[in-house]
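This is what each chain is made of:
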Amino acid sequence: MTQTETDRSSLQETLGIQIDPSLLELALTHRSFAYENGGIPTNERLEFLGDSILGQAVTVMLYRQYPDLEEGDLAKRRASLVSSVALAEIARGIGLGEYLRLGRGETLTGGREKASILADTVEALIGAVYLDAGPDAATAFVLRLVDPLLSDPDRFGVAMDPKTSLQELGARRGAGVPVYTVAESGPDHAKVFVATVTVGDLASASGEGTSKKHAEMAAALEAWTQLSNG
């Protein structure tokens, strides 16, 4: 039996905060799991709440931490830190994927590594912290989550603009310009985009998102990671 089905104490320890077990369970419940288990509640309402809290906490932090930045630069940094790409990086850093409650089909298709699912779950966790411990604890939780990106300038730059970072790295490796292809599926109100990028013969990676842009960003970050570690 996996950690997704048993004890969550190690996750609580990693998160650095105790969350009510029922709220934590809800935050980890993807709609695919709910559908296969009789339509139980999903984490989507918590995700909605957490998205708002995340945006506010990051906005205030950037405003205070970078007093000399113009509004446009602040907006770009905020967009990068709350993007699905950045949130998925945060989720992978804390091993969140192994705790997700996913349906069988989503599990078999690599759902534990999908950027969109990981990002949504991070937002749901933020919402759960807010409901359980209040706004101050939720803000502190957000700042702990984003701190690894802020404390690693190279990684922060990549998360901020992975497509440009990949293009620059590919050029340094003599691989030419990255080439993207994008496929979409699902109904108009819930489309899923899957992007694939190739960088010469050096890297090929895919990424998923709720928009073409986010899918390409996720693919670019994965390809950048391949090239950087290669």
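Report on the accompanying structure. (Residues numbered from 1 in each chain as written. Predicted model: local features only at pLDDT ≥ 70, side-chain atom pairs only at ≥ 80, totals over all residues. Heavy atoms only, no water.)

To continue, consider the overall build of the chain. Counting its secondary structure elements, the chain contains 12 helices and three strands. Computed over its C-alpha atoms, the radius of gyration of the chain comes to 18 Å, within 12% of the 17 Å expected for a compact globule of 230 residues. The C-alpha extent of the chain, read off along each of the three principal axes, is 50 × 45 × 35 Å. When the 230 residues of the chain are sorted by exposure, 44% land in the buried category. Here the contacts in the chain between residues at least 6 apart in sequence split such that 54% fall between residues at least 24 apart. (Helix = DSSP H or I, 4+ residues; strand = E, 2+ residues; numbered from the N terminus. Rg over C-alpha atoms; globule rule 2.2 N^0.38 Å. Buried < 20%, exposed > 50% of the residue type's maximum accessible area, 1.4 Å probe, protein only. Contact = heavy atoms within 4.5 Å.)

Attention shifts here to the sheet that holds strand 3 (residues 203–209). In a beta sheet, neighbouring strands pair by backbone hydrogen bonds and run either parallel or antiparallel. With antiparallel pairing, three strands are arranged side by side in an open sheet as 1-2-3. Of all the strands in the sheet, the pair left with one neighbour each is strand 1 (179–185) and strand 3. Averaged over all neighbouring strand pairs, the angle between strand axes comes to 15 degrees, with direction disregarded. Bridge count for strand 2 (residues 192–199) against strand 3 is seven bridges, and the pairing is antiparallel. Counterpart to Ala 195 in the pairing with strand 3 is Gly 207. On the sheet, helix 12 (residues 212–229) packs against strand 1, strand 2 and strand 3 and is oriented at approximately 145 degrees with respect to strand 3. (Pairing = 2+ DSSP bridges. Axes fitted to C-alpha atoms, helices over the stretch in contact; angles between N-to-C directions.)

Quick look at the nonpolar core now. Of all hydrophobic cores here, the largest spans 64 residues; its most connected members are Ile 19 and Leu 96. Counting residues per element, this core draws most heavily on helix 8 (residues 115–133), at 10 residues. What Leu 96 contacts, discounting residues up to four positions off in sequence, is Leu 11, Leu 28, Ala 91, Leu 118, Thr 121, Val 122 and Leu 125. (Core = buried A, V, L, I, M, F, W, Y, C linked by side-chain atoms within 4.5 Å.)

What follows concerns the packing of helix 6 (residues 84–93) against helix 8. With their axes 8 Å apart at the nearest point, helix 6 and helix 8 run at an angle of 80 degrees to one another. If you check the angle between helix 6 and helix 8, you find them roughly perpendicular. Residue-level inspection shows Ser 84, Leu 87, Ala 88, Ala 91 and Arg 92 of helix 6 in contact with helix 8, the latter providing Ala 115, Leu 118, Ala 119, Val 122 and Glu 123. For the contact of helix 6 with helix 8, the residue count by class is seven nonpolar, one polar and two charged. (Parallel < 35°, antiparallel > 145°, perpendicular 65-115°, else oblique. Nonpolar A, V, L, I, M, F, W, Y, C, P; charged D, E, K, R; others polar.)

What the rule picks out here adds up to 10 salt bridges. Between Glu 44 and Arg 31 there is a salt bridge, with its nearest N and O atoms 3.2 Å apart. Of this pair, Glu 44 sits in helix 4 (residues 44–65) while Arg 31 sits in helix 3 (residues 31–36), and the two are 13 residues apart along the sequence. Given the relative accessible area of 47%, Arg 31 is considered partly exposed. For the salt bridge of Glu 216 with Lys 163, the shortest nitrogen-to-oxygen distance reads 2.6 Å. Taken together, the residues span a long stretch of sequence, with Glu 216 in helix 12 and Lys 163 in helix 11 (residues 162–172) at a distance of 53 residues. Using a relative accessible area of 9% as the deciding quantity, one classes Glu 216 as buried. On the accessibility criterion, Lys 163 (29% relative accessible area) is partly exposed. (Salt bridge = Lys/Arg side-chain N within 4 Å of Asp/Glu carboxyl O.)

Turning next to helix 12. In this model, helix 12 (18 residues) spans 26 Å end to end at C-alpha, consistent with the 26 Å of a helix rising 1.5 Å per residue. By the burial criterion, the buried members of helix 12 are Ala 215, Glu 216, Met 217, Ala 218, Ala 219, Ala 220, Leu 221, Ala 223, Trp 224 and Leu 227. (Expected span 1.5 Å × (residues − 1).)

This next bit is on the packing of helix 8 against helix 9 (residues 135–150). Contact geometry of helix 8 with helix 9 gives a least axis separation of 7 Å together with a crossing angle of 150 degrees. As the angle between them shows, helix 8 and helix 9 are arranged roughly antiparallel. Where helix 8 crosses over helix 9, the handedness of that crossing is right-handed. Here Val 122, Leu 125, Ile 126, Val 129, Tyr 130 and Ala 133 of helix 8 come into contact with helix 9, specifically with Pro 135, Ala 137, Ala 138, Phe 141, Val 142 and Leu 145. (Left-handed = near helix turned anticlockwise from the far one by under 90°.)

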